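Examination of the molecular architecture
These are the residues of each chain, in order.
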Amino acid sequence: MRTDGYRFGAAIGLAYPQVIAAMETQLSNGPTCNNTSNGPSTISNNCSSPVESGSIEDSKTNLIVNYLPQNMTQEELKSLFGSIGEIESCKLVRDKITGQSLGYGFVNYVDPKDAEKAINTLNGLRLQTKTIKVSYARPSSASIRDANLYVSGLPKTMTQKELEQLFSQYGRIITSRILVDQVTGVSRGVGFIRFDRRVEAEEAIKGLNCQKPPGATEPITVKFANNPSQKTSQALLSQLYQSPNRRYPGPLAQQAQRFRLDNLLNMAYGVKSRFSPMAIDGVTSLAGINIPGHAGTGWCIFVYNLAPDADESILWQMFGPFGAVTNVKVIRDFNTNKCKGFGFVTMTNYDEAAVAIASLNGYRLGDRVLQVSFKTNKTHKA
DNA sequence: TAGCATT
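All of these numbers come straight from a predicted model, not from anything done at the bench.

Analysis parameters
- Residues numbered from 1 in each chain as written.
- Chains lettered and ligands numbered in written order.
- Predicted model: local features only at pLDDT ≥ 70, side-chain atom pairs only at ≥ 80, totals over all residues.
- Heavy atoms only, no water.
- Pairing = 2+ DSSP bridges.
- Helix = DSSP H or I, 4+ residues; strand = E, 2+ residues; numbered from the N terminus.
- Core = buried A, V, L, I, M, F, W, Y, C linked by side-chain atoms within 4.5 Å.
- Buried < 20%, exposed > 50% of the residue type's maximum accessible area, 1.4 Å probe, protein only.
- Contact = heavy atoms within 4.5 Å.
- Near = heavy atom within 4 Å.
- Polar contact = N/O pair within 3.5 Å; in protein donor to acceptor, adjacent residues only side chain to side chain.
- Nonpolar A, V, L, I, M, F, W, Y, C, P; charged D, E, K, R; others polar.
- Axes fitted to C-alpha atoms, helices over the stretch in contact; angles between N-to-C directions.

Alignment of strand β14 (residues 325–332) against strand β15 (residues 339–347), held across 6 bridges, turns out to be antiparallel. By the bridge assignment, V328 is partnered in β15 with V345. Between the end of β14 and the start of β15, which pair antiparallel, lie 6 residues, with N337 showing a positive phi angle near 65°.

So this is what it looks like as structure tokens:
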């Protein structure tokens, strides 16, 4: 059983301020319209501000969702965002070769109001070890691809804001990040800057690579970041070429290579099987027949004493940090549409569900004390 | 010297 369950207070109380602070940092960087930095072909929407780009017609319903947990499926993504409103389309982006999630996806709503509501309620939601980011998708075009820079040799004292200030003269920054030591929290002197457009990134390389930032003693290195999916594909190909039965494998060799491929995927992505046998209180169980709470596709949790105005998003916020949540449901009165005081949450893994129950049972939500347990087979009469 | 932002 995992022992690193998240504190509930961190899940709801702190997630939003953190994300809001991060967004304020991003939005504080207005675009610098550096006309001289562009090549012969310029793009008409070149100097739009963040506010203007958010009002482009086709971006009012289409959202991009970043920092999704690695094992989250498209169906779970749809379930989460479908709790806000009707979805026109939903796509989790996967590596074309390995099929692994790239950690982001798109959700297109029918109603722009639902898209806005999704940003307001789901941006900053903690799911497992991730804090998801929900924002309007920019209109897709070749010019915004491959605009991510990898920066190394940064002064250890440089903050994210200072990094952005350094790079913002070359264009609109979409995201920035300084990597830190997981234990000490001290900067590792490397980071990423994602520009709105590739031409801006190119100019930043020209202007800042091998240059010393203000006050620094050593020059920094600025180059295009590796594409994470490319890196994995290269690693896979490299491993396959090194295998004894390389190049033209027959059926037997293919099976062995498939085995190596699976292991490589596990190493590259840290994938743990969703279908491996689970140890439950010392007893190994596969199917979970007659085990309370197990519904075939996951572990169903009963949440009692919810307020009449409770909605699905509060269940996502409460349970998401503890692990993979596949579905949430608030039971409502048919006539009033108000919550009848209880709801259900389905989680994939037993250990994560158990930690969630142990942590959330007895939790005070508003003026109510929640009762949280595995769902029993009691029938609820209408 | 590496995290997953354009389907």
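It is worth spelling out the nonpolar core at this point. The biggest cluster of nonpolar side chains holds 48 residues, and the ones touching the most others in it are F81, I301, L315 and F319. At 7 residues, the largest contribution of residues to this core is made by helix α10 (residues 350–360). Contacts of L315, omitting those with residues within four sequence positions, involve V303, L306, G320, V328, K329, V330, F344 and V345. If you look at the next biggest cluster of nonpolar residues, it comprises 19 residues, including M158, A201, L208 and I220.

In the vicinity of DNA strand B, 30 residues are found, and the nearest of them are N62, K91, K133, R177 and P228. The protein-proximal atoms of DNA strand B, defined as those within 4 Å of the protein, are 44% sugar or phosphate. Within the contact set of DNA strand B, a sugar or linking oxygen lies 2.7 Å away from a side-chain nitrogen or oxygen of N66. In the model, a base oxygen of DNA strand B is placed 2.6 Å from a nitrogen or oxygen of the R138 side chain. Elements supplying a minimum of two residues to the surface near DNA strand B: β1 (62–66), β3 (101–109), β6 (133–136), β7 (148–152), β8 (173–180) and β9 (187–195). Residue composition of the surface near DNA strand B, grouped by class: 14 nonpolar, 7 polar and 9 charged.

What the 4 strands build is an open sheet, ordered β8-β9-β7-β10; its pairing is antiparallel. Each edge of the open sheet is held by one strand with a lone partner, namely β8 and β10 (221–224). This sheet shows a mean twist of 20° between the axes of neighbouring strands, independent of strand direction. Sheet topology note: the β7/β9 ladder contains 5 bridges and is antiparallel. Note on β9: the bridge partner recorded for N148 is R194. On the sheet, helix α5 (residues 160–167) packs against β7, β8, β9 and β10 and is oriented at approximately 135° with respect to β8. Most of the contacts of helix α6 (residues 198–208) go to β10, to which it runs at about 155°, and overall it touches β7, β9 and β10.

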